[in-house]
Each structure stands twice: as C-alpha cells, then as structure tokens.
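# Summary of structural features
Below, each chain spelled out in residue letters.
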Amino acid sequence: MAMNKCADAVIIGGGVVGASVAYHLAKRGFGRIVLVERSYLASGSTGRCGAGVRQQWGTKLNCLLAQESVRMFERMDDELGFDRSIEFKQGGYLLLAYTDREMNQFIKNVELEQSLGIPASLLTPAEAKAIVPMLNISDVLCATYCPTDGHANPFHVTYAYAGAARRLGAEVMTFTEVKGIVVENGKVARVVCDKGNIDTRVVVNAAGPYSGLVARMVGLEIPFWAERHQILVTEPVEPVLRPMVMSFSRRIYCQQTPHGSFIMGMGDPNEPHGFSTESSWKFLVDMAREITRVLPPVGNLKVVRQWAGLYDMTPDAHPILGATPVEGFYLACGFSGHGFMLAPVTGRLLAEVICDEKPSIDITGLDLGRFERGELVVEPSVV
Amino acid sequence: MACAKPEGEGAPGGSEGGAAAGDVVVICRCEDVTLDEIRDLIARGYTTIEEIKRITRCGMGPCQGRTCRQLVLAEIARATAKDIASVAPGRFRPPTKPVRLGGAVAGAPGPDVEGFEGDGDEQVR
Ligand SMILES: Cc1cc2nc3c(=O)[nH]c(=O)nc-3n(C[C@H](O)[C@H](O)[C@H](O)COP(=O)(O)OP(=O)(O)OC[C@H]3O[C@@H](n4cnc5c(N)ncnc54)[C@H](O)[C@@H]3O)c2cc1C
C-alpha cells in the first residue's frame, strides 16, 4: 500500500550533491526535508568517481566554487560529526603541460588563481620532479601545482552529509524512485514515487547523469548529456605519491589514496553519449600505456578492480544551478566531471537560493537561461 | 494531509548465533574488517553488500571478496530474516585476477573476456 506524505522540500538523488543540499537545507531549518534515492546512497557517479578536489581552474567562477569547497572539506569532519573520517588528504594537484597551447593556458590559469588567493604556482619540469620523484619529465614543458588541492572519500562524504541531515530531522528514502512530478499552475505541487506521493512546493533535481530525464518530468529540456568515464584501482602499497598527477592533453589523472592504492582514470575523446557503464579492456590498455609513460614505476602495480561511471556534461563544462521557469523546481546538475569537489559549496548555495538569502557566491551566470541567452562560461581545463 | 514523523537512523537489528560477544572475528582479511563492525552497520540500516563494502572496504582488497562476500551475505540474511539466496550478491568487477599495469600495455594478451561481462549498471534493489 503506497504511503503518501508531505514535505517542504524534496531532493531527487542521493549522490554527494543531493546529500549536501539536504544537509544545508536542514541546517537552515527549512522544514521537512525528504531526500529520495532510487538505489543506495552514492550508488551513482559519486561512488564511482576519482574524488579529486582541485582549485586550479581556467574560469573565475570554477576557481571560487572550488576554493570555497576546499575550505568546507577542511572543516567537514568536525562539522558533520560522522563516525569515520571523510579522509580529506591535501597532497596537492600537479598538472602537467606537454604542448605550447597547454603551457600558455597554464600561465593564464595560475595568474587568475593567484589573483583569487589560491596558492598555485608555475613549476619547471625539474621542480615538478622534486615533488614527484617518479615523474618522467622528458617531454614535460612545465607544470602547475597547488598544495591545498587533494581528495576525499566519496562514500564517507555522502554518508556524512546524509547522516547529519537525518540528525537535523531530514528523511532519507533509499530504494525509492521518482516516477513523475506534478506541476499545477506553473508551480511544483507533488512528487510521484514508486512508494507513494509526496506533496511539496520545492523540488531539487540532483539526479546526476539522469537530471535530464528528471527535468523532463516538469517539461524542461536541459542541454545535457551523459558520458561514460572509466577508472581503475591497484593493490595498496607504501605511500610514494603525494599529489594527484593530471594531464589534460593525455586526458589522465592518477592519485594514491590514504589507503595506499593508486586510483587512475582516463577520458576517451571518442566516447559516445549514453548511459553505459560497462568496463572495457581497451581502457585498461590505454590507461596502462599513458600512465607508464608519465609515472613509469606504476607499471609494477597490479590492478585489482576497474569500473566506469557517468559524467553529467553541459556544453560549457559548468554546472547548472538555481531556479528555473517552473516555480519551485531547482537544478543542481551538469557538473561535467567535477561535481564531487563542487558538492559542498553547491549544497550551501542551493539552500541559500531556496531560502531567499543572497547567495554567498554570485551564481546568476550558472542558471539554465544562459544557454538560450548564449552566455556560456567555457572551462578550458577538463579531463 | 498531515506530515508523517521523520524516521530515525535505521531499525536496530538483532543478531545472534555465530561468534560469542567479545571475540574478535575478522571477516575480511585483506582489509581487516571485523564481524562486530559488519553487525553494527547492519543494525544501523546498511543492509546491502554494496553499502557495507563502500563504508568498510570489505571485499575491496586484493582477493576481491572471495571469502568475505559469502560471510557478509550470511550476516545480512540472518539480520533481515531473509533467505541468503534472496540477498543481492553485489557485483563482481573486472579483472577476474589482478593484472600488472605494465603487462597490460598494448600487445599484452587480452581481452580477459571472462572478467569483462556483466558489469553493467543494473541498480541494486
Ligand atoms: C570515473 C569518474 C571520475 C570522476 N572523478 C571526479 C573527480 O576526481 N573529482 C570530482 O569532483 N568529480 C569527479 N567525477 C564527477 C563526479 O562523480 C560527479 O560530478 C558527482 O558525483 C555528481 O554527484 P551527483 O550527486 O550530482 O550525482 P550522482 O552521484 O550520480 O547522484 C545522482 C543520484 O540520483 C539518483 N537518481 C537518478 N534518477 C533518479 C530518480 N528518478 N529517482 C530517484 N533517484 C534517482 C541516482 O541513483 C544517483 O544515485 C568523476 C566521475 C566519474 C564517472
């Protein structure tokens, strides 16, 4: 027998973004908050991601959002009172340039980052090798490095946000799927789930790669696609690699987790749009080829597991945040492969917008309307 | 319509049988996860192997859950009063055996077809 209920806000999607939105709304005492997730928490992109957190970006907005998120990750263990650590390790990010174009972009990026107070710097190949002794610098032109970048445990961050939201009175409904959203007179009225209806005036679409489908439930088309990205993990070894190492032209990233395993991923420029999350042998071969060139000793490590997840891509690689033409329907999606690191600040900004507060970072440029207005904010530095 | 009361952190689940209280029983030897830890999580409402794996790393070590998976499934079955066959077994992910990265560079023998099937995105329910 279906159970009907009512809420002041329903958040669709129990990934790190939805959990963060739920927590920040609950913290503001917004009323009765329900987080709806069709599987278990962090079962989507969040639980499949590289969980890297970097402030080295090519646009001011991405820099500001990531910088604020880093501050929030630094305080998270204390703030959320989770019984395990979120394992935020600030080992820095080392970005490698192999082409002149990349080098010129890096010079611009560092200038921008420094102007915003992000402690990034431009390094010679030799300086990069001093930070990562196993780095092959034979074809590296230059590097940039920011010591306060890092990574965290994506499961723990999600469970920590959801747990804290629950303690503040929010309800977390897992294994519950949203099937439709009822709009009356241009306003959100009800969320239809497989386990019953929830009357509400506020819905936040945090359905990750499925956000396009959820937006259609209220008749909105968002310019948006899902794209498979593959990733693997090795057996754990002694700590030997401090920063995340990343190259945009080689489309790879690699880090050593606090647990000792190496996690690495690689983008494929020919990846078709779609919802497949199959793993492929080709990825393992491509990844092995690139990583053994960049970090040769890594070739000795054994891969214990590989998997794939979805990026939720927008045409300008920036998220879509905030209100929409449907009253009460808010978007927190389109993170384009960096939604883990933006989740803390996103949750807070969405809560501010929903509670009619002035957002602590101006995100008016990240609204859905920018695509119609042709005001894209293009991010040049993505894997 | 009246709002229902928020629910708590998950139903407390009883667990009896097996090891006696006080014994430290290691369920996952690769990642050092104990039976008490597993039972505690189940009692807090984490009743799928996918969740338990992600919180504790149980089954994520070099052996990829060859021993612990069955033990965790049995615990979930006991605590939720289900038949073990009806507890979702979780997904196996490739490769079937650890592969050295250096050995996977193009030209190496592959594809390990056996390990690359059935890792689709069916949701766990
Ligand atoms: C291989 C890989 C590596 C990555 N590396 C990084 C990185 O290093 N750093 C970084 O910042 N980001 C990274 N990302 C991106 C990051 O994972 C995502 O941007 C982020 O997790 C998005 O979180 P989310 O909560 O929006 O989405 P998700 O985690 O996908 O959550 C959305 C949830 O919504 C649920 N859902 C969907 N439809 C419905 C429905 N109808 N009803 C109920 N529930 C529904 C899904 O089940 C899912 O759990 C990576 C992604 C991948 C795939």
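Here's a quick rundown of the structure. Being a predicted model, the structure only gives us computed values, none of them experimental.

## Thoughts on the overall build of chain A
- Counting secondary structure elements, chain A contains nine helices and 20 strands.
- Expected size for 383 residues packed as a compact globule is a radius of gyration near 21 Å; at 20 Å, chain A falls within 12% of this value.
- Judged by the C-alpha coordinates and their principal axes, chain A covers about 65 × 40 × 40 Å.
- Here chain A holds 383 residues, and the buried ones make up 64% of them.
- Here the analysis covers contacts within chain A between residues at least 6 apart in sequence; of these, 73% occur between residues at least 24 apart.
- Total accessible area on chain A is roughly 13500 Å²; 52% of this is exposed by carbon and sulfur atoms.
- Within chain A, the 41 negative side-chain charges are centred at a point lying 3 Å from the centre of the 36 positive side-chain charges.

## Notes on the side chain of R48 of chain A
All names here are of chain A.
- Tracing the chain through its elements places R48 in the loop between β3 (33-36) and β4 (52-53).
- Judged by its relative accessible area of 8%, R48 is buried.
- Looking at R48, its side chain comes within polar contact range of the main-chain oxygen of G44, at 3.4 Å.

## Some words on the sheet that holds strand β5 (residues 93-97) of chain A
- Taken together, the nine strands give an open sheet; going across it, the order is β6(A)-β7(A)-β5(A)-β15(A)-β16(A)-β17(A)-β14(A)-β18(A)-β3(B), and neighbouring strands pair in mixed fashion. The sheet is open, and its two borders are formed by β6 (121-123) of chain A together with β3 (99-100) of chain B, each paired with just one other strand.
- Sheet topology places strand β14 (residues 225-234) of chain A next to strand β17 (residues 262-266) of chain A; four bridges connect them, and they run antiparallel. Residue L232 of chain A lies in a different strand from β17 of chain A, and its bridge partner there is M264 of chain A.
- On top of the sheet, helix α3 (residues 100-115) of chain A reaches β5, β6, β7 (142-146) and β15 (244-247) of chain A; it is set at about 145 degrees to β5 of chain A, its chief contact.
- Contacting β5, β14, β15, β16 (252-256), β17 and β18 (302-313) of chain A together with β3 of chain B, helix α7 (residues 281-294) of chain A crosses the sheet at an angle of about 110 degrees to β17 of chain A.

## Thoughts on the pairing of strand β20 (residues 329-333) of chain A
Residues and elements named next belong to chain A.
- Judged by how many residues are buried, β20 sits mostly within the fold: five of five residues are covered.
- The two faces of β20 match: F329, L331 and C333 on one face and Y330 and A332 on the other face are all buried.
- Alignment of strand β13 (residues 203-205) against β20, held across three bridges, turns out to be parallel. Residue pairing in the sheet places N205 in a bridge with L331 of β20.
- Here four bridges tie strand β19 (residues 320-323) to β20, and the two strands are oriented antiparallel to one another. The residue of β20 that forms the bridge with L321 is A332.
- Taking the residues between adjacent antiparallel strands as the criterion, β19 and β20 are bridged by five residues, where G328 takes a positive phi near 90 degrees.

## Brief notes about the environment of R101 of chain A
- For R101 of chain A, the location among the structural elements is in helix α3.
- A relative accessible area of 74% means that R101 of chain A is categorised as exposed.

## A closer look at unusual backbone geometry
- Of the consecutive residues P94 of chain B and P95 of chain B, the connecting peptide bond is found in the cis state with omega at -5 degrees.
- A positive phi is found at S336 of chain A, a non-glycine position, where the angle reads about 55 degrees.
- Relative to the elements of secondary structure, S336 of chain A occurs in the loop between β20 and α8 (339-354).

## Overview of the sheet that holds strand β12 (residues 196-199) of chain A
All names here are of chain A.
- If you walk across this open sheet you meet the four strands as β1-β12-β11-β10, and the pairing is mixed. Only two strands of the sheet have a single neighbouring strand rather than two, namely β1 (5-6) and β10 (178-184).
- Here strand β11 (residues 187-193) runs beside β12; their pairing, made up of four bridges, is antiparallel. In the sheet register, V192 faces β12, and the bridge partner there is N197.

## Brief notes about the site of the ligand
Residues and elements named next belong to chain A.
- In the vicinity of the ligand there are 39 residues, among which E37, T46, G52, G339 and M341 approach most closely.
- Between an oxygen atom of the ligand and a main-chain N or O atom of A51, the distance comes to 3.3 Å.
- A distance of 2.8 Å separates an oxygen atom of the ligand from a polar backbone atom of G52.
- Compared with its free state, where it exposes 990 Å², the ligand has 98% of that area covered by protein.
- The set of elements that each furnish at least two residues to the shell around the ligand consists of α1 (16-27), β14, β18 and α8.
- The element that contributes the greatest number of residues to the shell around the ligand is β18, accounting for four residues.
- The residue inventory of the shell around the ligand, partitioned by class, reads 18 nonpolar, 16 polar and five charged.
- Structurally, the shell around the ligand is a two-domain feature, drawing no fewer than three residues from each of domain 1 (5-48 + 155-224 + 316-373) and domain 2 (89-147 + 225-312).

## Structural notes on helix α5 (residues 154-167) of chain A
- Between its first and last C-alpha, α5 of chain A extends 20 Å over 14 residues, near the 20 Å set by a 1.5 Å rise per residue.
- For α5 of chain A, a buried count of twelve out of 14 residues is recorded, marking the element as mostly surrounded by other parts of the structure.
- Along α5 of chain A, the positions that sit buried rather than exposed are P154, F155, H156, V157, T158, Y159, A160, Y161, A162, G163, A164 and A165 of chain A.
- On its buried face, α5 of chain A is in contact with α1, α2 (60-80), β9 (171-173) and α8 of chain A together with α2 (49-56) of chain B.
- Between the side-chain oxygen at the start of α5 of chain A and the backbone nitrogen of F155 of chain A there is a gap of 3.0 Å, and the oxygen is on N153 of chain A.

## Some details on the packing of aromatic side chains
Residues and elements named next belong to chain A.
- Applying the stated criterion across every chain yields a total of six aromatic pairs over all chains.
- On the basis of an interplanar angle of 40 degrees and a centroid distance of 5.6 Å, the ring pair of Y23 and Y161 is categorised as tilted. Of this pair, Y23 sits in helix α1 while Y161 is found in helix α5, placing the two residues 138 residues apart along the sequence. Both residues of the pair, Y23 and Y161, belong to the buried class.
- The interplanar angle of 85 degrees and the centroid separation of 6.1 Å between the aromatic rings of F106 and F248 together place this pair among those described as edge-to-face. Taken together, the residues F106 in helix α3 and F248 in the loop between β15 and β16 connect sequence positions 142 residues apart.
- Residue class for F106 comes out buried when judged on its relative accessible area of 2%.
- Judged by relative accessible area, which is 11%, F248 ranks as buried.
- What links up through ring pairs into an aromatic cluster is the set F73, F88 and F340.
- Taking NZ or CZ as reference, R38 lies 4.3 Å from the ring centre of Y210, over its face.
- R54 extends its terminal NZ or CZ atom over the ring of W57, reaching a point 3.6 Å from the ring centre.

About the criteria used
Residues numbered from 1 in each chain as written. Chains lettered and ligands numbered in written order. Predicted model: local features only at pLDDT ≥ 70, side-chain atom pairs only at ≥ 80, totals over all residues. Heavy atoms only, no water. Helix = DSSP H or I, 4+ residues; strand = E, 2+ residues; numbered from the N terminus. Rg over C-alpha atoms; globule rule 2.2 N^0.38 Å. Buried < 20%, exposed > 50% of the residue type's maximum accessible area, 1.4 Å probe, protein only. Contact = heavy atoms within 4.5 Å. Areas by Shrake-Rupley, 256 points an atom, 1.4 Å probe, with all protein chains shown as cover. Lys, Arg positive; Asp, Glu negative; His and termini not counted. Charge placed at Lys NZ, Arg CZ, Asp CG, Glu CD. Polar contact = N/O pair within 3.5 Å; in protein donor to acceptor, adjacent residues only side chain to side chain. Pairing = 2+ DSSP bridges. Axes fitted to C-alpha atoms, helices over the stretch in contact; angles between N-to-C directions. Near = heavy atom within 4 Å. Nonpolar A, V, L, I, M, F, W, Y, C, P; charged D, E, K, R; others polar. Domains from an automatic or database assignment. Expected span 1.5 Å × (residues − 1). Phe/Tyr/Trp six-rings, centres within 6.5 Å; stacked < 30°, edge-to-face > 60°. Lys NZ or Arg CZ within 6 Å of the ring centre and 35° of its normal.

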